[in-house]
Amino acid sequence: MTQYHKEEEIIEEIAGGEFERTPVPQSKLKSWKSFLGMYAGEHAAGTEFMIGPLFLTAGVSAFDLIIGLLLGNLLAVISWRFLTAEIAVKNRLTLYFQLEKICGKNLVTGYNLANGILFCFLAGSMITVSATAVGIPFDMPMPKLSDTMPNGVTWIVIVILIGAVISIIAAKGYDTVSKAANWMSPIIVLAFLACGIVALNQLGVSSFSEFWDIWGEGKEPFPGQIKYTFWHVLIWSWFANAAMHIGMSDLSVFRFAKKASSGWTTAGGMYVGHYMAWIAACLLYAVYLKSPEAQAFLSNGEAPPVAPGPLAYNAIGVFGIIAVVLAGWTTANPTIYRAGLAFQAIMPKLSTAKVTILAGTIATIAGLFPAFAMKLLDFVALYGFILAPVGAVIVFEHFFHKKFGVIKNYAEHANIKFNKSVLFAWAISFGIFYFISIQFDIFLSFVTLPTWLLCGILFLVFSKYAQKNN
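Residues numbered from 1 in each chain as written. Predicted model: local features only at pLDDT ≥ 70, side-chain atom pairs only at ≥ 80, totals over all residues. Heavy atoms only, no water.

Regarding the overall build of the chain
What the chain contains, in helices and strands, is 21 helices and zero strands. Expressed as a percentage of the 470 residues in the chain, the buried residues total 60%. Of the roughly 18,400 Å² of accessible surface on the chain, a fraction of 67% belongs to carbon and sulfur atoms. The chain carries 30 positive and 26 negative side-chain charges, and their two centres are separated by 12 Å. (Helix = DSSP H or I, 4+ residues; strand = E, 2+ residues; numbered from the N terminus. Buried < 20%, exposed > 50% of the residue type's maximum accessible area, 1.4 Å probe, protein only. Areas by Shrake-Rupley, 256 points an atom, 1.4 Å probe, with all protein chains shown as cover. Lys, Arg positive; Asp, Glu negative; His and termini not counted. Charge placed at Lys NZ, Arg CZ, Asp CG, Glu CD.)

This is the structure:
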């Protein structure tokens, strides 16, 4: 046994058996049922209570919302199945260790840090969502769409307590995260369904045409929001989880899958969560918009607040409060777990539990600031745009390295710590399309795919040139 392998075993033992730096063994593989529960729980969750109403603030039409989501979510499922799951079951490595083999230790450290922090911000927005429910019995003022800072001591205390509980669950490891999702997801799905049915009744809807008329041909966006068309809905829903599928983050999840076909289980998350739940949450907000309070905001030229707790409570009472709290947990738990893995790739000798608690602490601090939740559509688009192109490096190397004559896992092969081909490919593709987005005011999700494709192609071209000259 080499010194390198001895160190790997020691690190693995310290890390708590989550196989952060070794392939997942056959004995630890899980059936598709484990992933169905996790994805249904994670995607019929806290973000849905925010995203559904935010579509309404963007003035979408019925066709754009219903058909756009149908097709966009299908593209997301296909991405998970034929890219993420396919590569995950071949290598059975976390995203971070896979990148280390390609990019080198020093380069991937910066990526892992950015990835982990962005995951923490996303988890923080879900802690914000849960806090809007817990705060109802305390008559806590709810954050507005324009709020960025904490709005009181009660808010701060509630967010800290929720963050602590979520962090402890996430620190228990993948099995606990998966089990928590399996326990909670049926309750949350039932709550979304109940919310949708009650909201339809409150809106007086008795036919499909009346349901369609809730959005109709669309309206002008609320103050501070942009207008969403069919293409906005389709592309945004495809790339809402870009970092996780085409960005390869869920290699860390699907490395436990017995077969690549487990990738189809993401459909449970997409069509229960990103379809039914988004529409149900949208209906809750449609009810609220008819209230005198919401009308007062609109008459003053302000966007009415989107607070998931009160919206769900108005529809299904205490069950709504419980559902929103659980929904925040089931999104934040696996997100904090992923963030912990990112940080552990930087500090491999720290245990999984310790780095996950660190991630949970950062997420809790982020949760104190409502801006991450209130600007969730924009944040998710930016988050995917930053991280997805790095996944193209893994995808293009996996599928095309032989055709291009590129050595796979070159940093490991050549024993280098900084693969410039990866940095240049990402920086050029990111820089070009971010400039285009800003300069021509193009919706960021519209340039995510071309950025991803360009990054993958440039990586192969630069790698071939660099390897030929070494």
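Digging into the side chain of Ser 167
You can see Ser 167 is positioned in helix 7 (residues 153-171). Here Ser 167 falls in the buried class, since its relative accessible area comes to 5%. Residues contacting Ser 167, with those up to four places away along its chain left out, are Ile 336, Thr 356, Ile 357, Gly 360, Thr 361 and Thr 364. (Contact = heavy atoms within 4.5 Å.)

Some remarks on the packing of helix 4 (residues 62-91) against helix 10 (residues 230-239)
The interhelical angle for the contact between helix 4 and helix 10, taken along N-to-C directions, is 30°, at an axis separation of 7 Å. Classified by the interaxial angle, the pair formed by helix 4 and helix 10 is roughly parallel. For the crossing formed where helix 4 meets helix 10, the hand is right-handed. Side by side, helix 4 and helix 10 meet where Phe 63, Asp 64, Leu 65, Ile 67, Gly 68, Leu 69, Leu 71, Gly 72, Asn 73, Leu 75, Ala 76 and Ser 79 of the first sit next to Phe 230, Val 233, Leu 234, Ser 237 and Trp 238 of the second. Broken down by class, the residue content of the contact of helix 4 with helix 10 amounts to 11 nonpolar, five polar and one charged. (Axes fitted to C-alpha atoms, helices over the stretch in contact; angles between N-to-C directions. Parallel < 35°, antiparallel > 145°, perpendicular 65-115°, else oblique. Left-handed = near helix turned anticlockwise from the far one by under 90°. Nonpolar A, V, L, I, M, F, W, Y, C, P; charged D, E, K, R; others polar.)

Description of a nonpolar patch on the surface
A contiguous nonpolar surface patch, about 480 Å² in accessible area, is contributed by Phe 399, Phe 400, Phe 404, Leu 453, Ile 457 and Val 461. At the level of elements, helix 18 (376-404) and helix 21 (448-468) are the ones that each hand at least two residues to the nonpolar patch. By the element assignment, Phe 400 lies in helix 18. (Patch = residues over 30% accessible without salt bridge, like charges linked within 9 Å, V, L, I, M, F, W, Y side chains within 5 Å. Salt bridge = Lys/Arg side-chain N within 4 Å of Asp/Glu carboxyl O.)

Details of the pattern of salt bridges
Inspection of the entire model under this criterion finds four salt bridges. For the salt bridge of Lys 101 with Glu 412, the shortest nitrogen-to-oxygen distance reads 2.7 Å. You can see Lys 101 sitting in helix 5 (residues 95-103) and its partner Glu 412 sitting in helix 19 (residues 410-414), a full 311 residues away along the chain. According to the relative accessible area criterion, Glu 412 is partly exposed, its value standing at 41%. Sharing partners across several salt bridges, the network here consists of Arg 81, Glu 86 and Lys 90.

With respect to the packing of helix 20 (residues 420-439) against helix 21
Between helix 20 and helix 21, whose axes approach to 8 Å, the crossing angle comes to 150°. Crossing geometry of helix 20 relative to helix 21 is assigned as right-handed. Taking contact as the criterion, the partners of Ser 421, Val 422, Phe 424, Ala 425, Trp 426, Ile 428, Ser 429, Phe 430, Ile 432 and Phe 433 in helix 20 are, on helix 21, Pro 450, Thr 451, Leu 454, Cys 455, Leu 458, Phe 459, Phe 462, Ser 463 and Ala 466. Tallied by class, the residues present in the contact of helix 20 with helix 21 amount to 15 nonpolar, four polar and no charged.

Concerning the packing of aromatic side chains
Scanning all chains against the criterion turns up 28 aromatic pairs. Each ring, one from Phe 55 and one from Trp 278, has its centre 5.5 Å from the other, and the planes form 65°; the classification is edge-to-face. Taken together, the residues Phe 55 in helix 3 (residues 46-57) and Trp 278 in helix 12 (residues 266-289) connect sequence positions 223 residues apart. Here Phe 55 and Trp 278 have matching classes, each one buried. Directly above the aromatic system of Phe 82 lies the positively charged group of Arg 81, at a separation of 4.6 Å from the ring centroid. (Phe/Tyr/Trp six-rings, centres within 6.5 Å; stacked < 30°, edge-to-face > 60°. Lys NZ or Arg CZ within 6 Å of the ring centre and 35° of its normal.)

Description of unusual backbone geometry
Phi at Asn 409 takes a positive value of approximately 50°, unusual for a residue other than glycine. Relative to the elements of secondary structure, Asn 409 occurs in the loop between helix 18 and helix 19. Using a relative accessible area of 16% as the deciding quantity, one classes Asn 409 as buried. Phi is positive for Asp 441, which is not a glycine, with a value near 50°. Along the chain, the position of Asp 441 falls in the loop between helix 20 and helix 21.

Regarding the nonpolar core
Counting residues in hydrophobic clusters, the biggest one holds 157 residues, and the most contacted among them are Phe 55, Trp 215, Tyr 228, Trp 236, Ile 279, Leu 376 and Tyr 383. Once you skip the residues sitting within four places of it in the chain, Tyr 383 turns out to touch Leu 118, Phe 119, Leu 122, Ala 243 and Met 244. (Core = buried A, V, L, I, M, F, W, Y, C linked by side-chain atoms within 4.5 Å.)

Some points on the state of the cysteines
Among covalent bonds in proteins, the disulfide is the one between the sulfur atoms of two cysteines. With the rule as written, the count across this model stands at zero disulfides. No disulfide involves Cys 195; its sulfur sits 13 Å from that of Cys 282, the nearest cysteine. Overall, Cys 195 belongs to the buried group, its relative accessible area being 1%. (Disulfide = S-S within 2.5 Å.)

So, the environment of Pro 304
As for its placement among the helices and strands, Pro 304 is situated in the loop between helix 13 (292-299) and helix 14 (308-316). Measuring from C-alpha to C-alpha, the distance between Pro 304 and Cys 282 comes to 13 Å, with 22 residues separating the pair along the chain.

Description of the environment of Asn 300
Looking at where Asn 300 falls in the secondary structure, it is placed in the loop between helix 13 and helix 14. Sequence separation between Asn 300 and Phe 230 is 70 residues; the distance between their C-alpha atoms is 29 Å.

Some words on helix 5
One turn of the α-helix equals 3.6 residues, which is why residues spaced by three or four share an orientation. Taking burial as the measure, the nine residues of helix 5 include nine buried ones, the bulk of the element. Within two residues after helix 5, Gly 104 carries a phi angle of roughly 100°, on the positive side.

Section: the side chain of Arg 255
For Arg 255, the location among the structural elements is in the loop between helix 11 (251-254) and helix 12. The class for Arg 255 is buried, based on a relative accessible area of 0%. Within the structure, the side chain of Arg 255 is placed 2.6 Å from the backbone oxygen of Ser 252, a separation counted as a polar contact. (Polar contact = N/O pair within 3.5 Å; in protein donor to acceptor, adjacent residues only side chain to side chain.)

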